[in-house]
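Okay, here's what each chain looks like letter by letter:
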Amino acid sequence: MPHITPGQAYGFFTDTSVCIGCKACEVACKQWNQLEGHAPSFLDGFDNTGRLDAETWRHVQFHDNVPDEAVTPGNGAAWLMMSDVCKHCKQASCMEVCPTNAIIRTEFDSVFIQPDVCNGCRNCIAACPYDVIGASETTGIAQKCTLCYDRLQNDMTPACAKACPTESIQFGPVSELRQTAAKRLEILRGQGVTQARLYGHDERVYGGLNAFFLLMDEPERYGLPDERNAVLPSRNNAGGYLTAAVTAVLGVLGGLVALRRRKEKVEGPADG
Amino acid sequence: MGDVQHFAGPPDWLWYILFYFFLAGLSGGSYVLATLLRLRDAPGDEPMARIGYYIAFPPMLIAPLLLTLDLGQPMRFWHMLVNTTPGHLGVNFKYWTPMSVGIWALTVFAAITTVSFAAALVRDGKLRIPLVVRLDGRVLNVAGSLFGLFVAGYTGVLLSVSNQPVWSDTFALGGLFLASGLAGSAALMLLLARYRPEARPSAPMLSVSERLYSLLELALIVVFAVTLIVAGTQEIVFGLPWSLLWVVVLAGLVPGLYGLATERLSAGPAVAVRYSVVLPLLVLAGVLALRAAIIFSVQV
Ligand code: SF4
Ligand code: SF4
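Okay, so let's go over this structure.

Reading the values: rules and limits
Every chain is numbered on its own, with residues counted from 1 as its sequence reads. Starting at A for chains and at 1 for ligands, labels are handed out in the order in which the entities are written. pLDDT decides what is reported in this predicted model: residues at 70 or higher carry local features, side-chain atom pairs at 80 or more are listed and counted, and totals for whole chains, interfaces and linings draw on all residues regardless. Hydrogen atoms and water are omitted, and side-chain values are computed over all heavy atoms in the structure. Secondary structure follows DSSP: runs of H or I at least 4 residues long count as helices, runs of E at least 2 residues long count as strands, and numbering of each begins at the N terminus. Think of it in three bands: residues with accessible area under 20% of the maximum for their type are buried, residues over 50% are exposed, and the middle band is partly exposed, with areas taken using a 1.4 Å probe on protein chains only. Contact definition: two residues touch when any of their heavy atoms are within 4.5 Å. Residues counted as positive are Lys and Arg, residues counted as negative are Asp and Glu, and His and the chain ends are not counted. In this description, the location of a charge corresponds to atom NZ of lysine, CZ of arginine, CG of aspartate or CD of glutamate. Only the six-membered ring of Trp is used, alongside the rings of Phe and Tyr, when aromatic pairs are assigned; centres must lie within 6.5 Å, and planes under 30 degrees apart are stacked while those over 60 apart are edge-to-face, with the rest tilted. Only the stretch in contact is used when fitting a helix axis, every axis being a line fitted to C-alpha atoms; angles between N-to-C directions are given from 0 to 180 degrees. Note on angle classes: values under 35 degrees are labelled roughly parallel, values over 145 roughly antiparallel, values of 65 to 115 roughly perpendicular, and the remainder oblique. When the near helix sits turned anticlockwise from the far one by under a right angle, the crossing is termed left-handed; a clockwise turn instead gives a right-handed crossing. Three classes are used, and their members are as follows: Ala, Val, Leu, Ile, Met, Phe, Trp, Tyr, Cys and Pro are nonpolar, Asp, Glu, Lys and Arg are charged, and the others, Gly among them, are polar.

Further remarks concern the overall build of chain A. What chain A contains, in helices and strands, is 7 helices and 10 strands. Considered along the principal axes of its C-alpha atoms, chain A spans approximately 95 × 50 × 40 Å. Out of the 272 residues belonging to chain A, those deemed buried represent 55%. For chain A, contacts bridging at least 24 residues in sequence account for 62% of all contacts bridging at least 6. Separation of charge centres in chain A, based on 25 positive and 32 negative side chains, amounts to 7 Å.

Here it is, written out as structure tokens:
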């Protein structure tokens, strides 16, 4: 791969149609980023990790989609597997709400939580629509995928993409990845794989995701909101403040009415 | 209906935040009521006004502490105010982020309540710093009330500005928290007036305002419920076991609504004496239960 140049947008294209669920990405991520992880839990399929959080920055989802009738082999539909990760949203909900400005866009256009700035308020966790961020019990701060910021600065591919044996995770300049993805979709469609679709490849969800996906089912199946539901937290500012302001006005008026009433009572002759 | 998708994870804001929201509502509400009483310029209302200014202060000592303790890195609480990003040193103020605006409002309001608290002590002859009385004029009281209204209400907006189920499905939370904070403040001031006989003449005002605030709160609970039904997330917050908390919330509205139904807006000075200790406590329990139901149902 050509040199990784600051100033250019980098990201992941995760093609779930070729994922074999080997979890090499999960392991490589933990190893490089020195994440302790959790004790394995016994969940559905081969998932013993559960979800993305402070200790898990790549997570392979397993969805048992085996239909009762025989399926055509080779289209990746029987098991839906997807290596999930921070989407490095162009319009990032986490970044929008962070009060300390700990969350920044790096010179590689990735979304990065500065570990020395974050104070662990967890506002970003409530905001991320993909449930990506977790609060670390050891460091007390919010943690998530950094797109291997330290590796990029040293001209190295992120650990997960490097380790993925099927090239389900591809790393590169976002513009190139978008072209690769479009071609791949065309090939699959040509093979009659009608359920294949891209998610986050255009600006319809959060202005475009720098880590985007080729999916084999509806986005919500993988915990990804559809276009209508992919909304920024700030959408609620106006309504929330307006209701509070109207209540404030009514509250003051109510107080004035109460004062007036009392006055009449106290000063009225009947009350003597 | 029922088709809003939520995949956001809970931020684990629990006990500290519950009590912070509770205290913010009472502090803000009391300051506003105290100012209304004082601005009326009737000497008989001054003792009750001072009760309000006394109430507004302690929560503003405790609240920042609760907020700080809830941080994963408490010693970095000041990062909310100062940007420590290398090369971008400056003030942090993001007007589109209620948490950022709120922290500034809290800072200013805490300073104002401190002055008004000290001034109330001076006026009551318990302290001798004449300067604070000069500071504690109309301008400060009115400004403090505006900040008080904000501090009592923004906590609800903060929840809404997220992608959490329930919280982000409604626009009513800011108003709802404010209305309940005002109702709770009126009840608390009435309760304390028992121990300050010279404040009794103002008791009817508080009694009537508590009725109106309970009505306002009820109206906002309805708006809250309707917005959730439209989004399809009502089960999360109104289902069991949270419905038990909602019983407490509604019970807290009963004194006010009953008063409204029977006596409308009239209330003689006798009200203060009739007013039991239990009823204001019930109102306050309702204020706490409202916040607990909304915070915990989404996260536990
Ligand atoms: S996926 Fe979540 S954590 Fe990642 S950039 Fe988007 S909002 Fe932030
Ligand atoms: S937890 Fe850290 S990164 Fe997240 S919003 Fe708070 S300060 Fe920002």
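We are not done yet, so read on.
Going through the model one piece at a time under the given rule, you end up with 24 aromatic pairs over all chains. Between Y241 of chain A and F150 of chain B, the aromatic rings sit 5.9 Å apart at their centres with planes inclined by 25°, giving stacked as the arrangement. Highlighted residues: Y241 of chain A in helix α7 (residues 237-267) and F150 of chain B in helix α5 (residues 138-160), drawn from two different chains. You can call F150 of chain B partly exposed: its relative accessible area is 24%.

Attention shifts here to the packing of helix α1 (residues 15-39) of chain B against helix α3 (residues 98-123) of chain B. Residue and element names in this part refer to chain B. At a closest axis distance of 12 Å, the pairing of α1 and α3 adopts a crossing angle of 50°. Comparing the axis directions of α1 and α3 gives the class oblique. The handedness of the crossing between α1 and α3 comes out as left-handed. Along the contact surface, α1 presents Y20, S27, G28, Y31 and R38, while α3 presents L106, F109, I112, T113, S116 and R123. For the contact of α1 with α3, the per-class residue count stands at 5 nonpolar, 4 polar and 2 charged.

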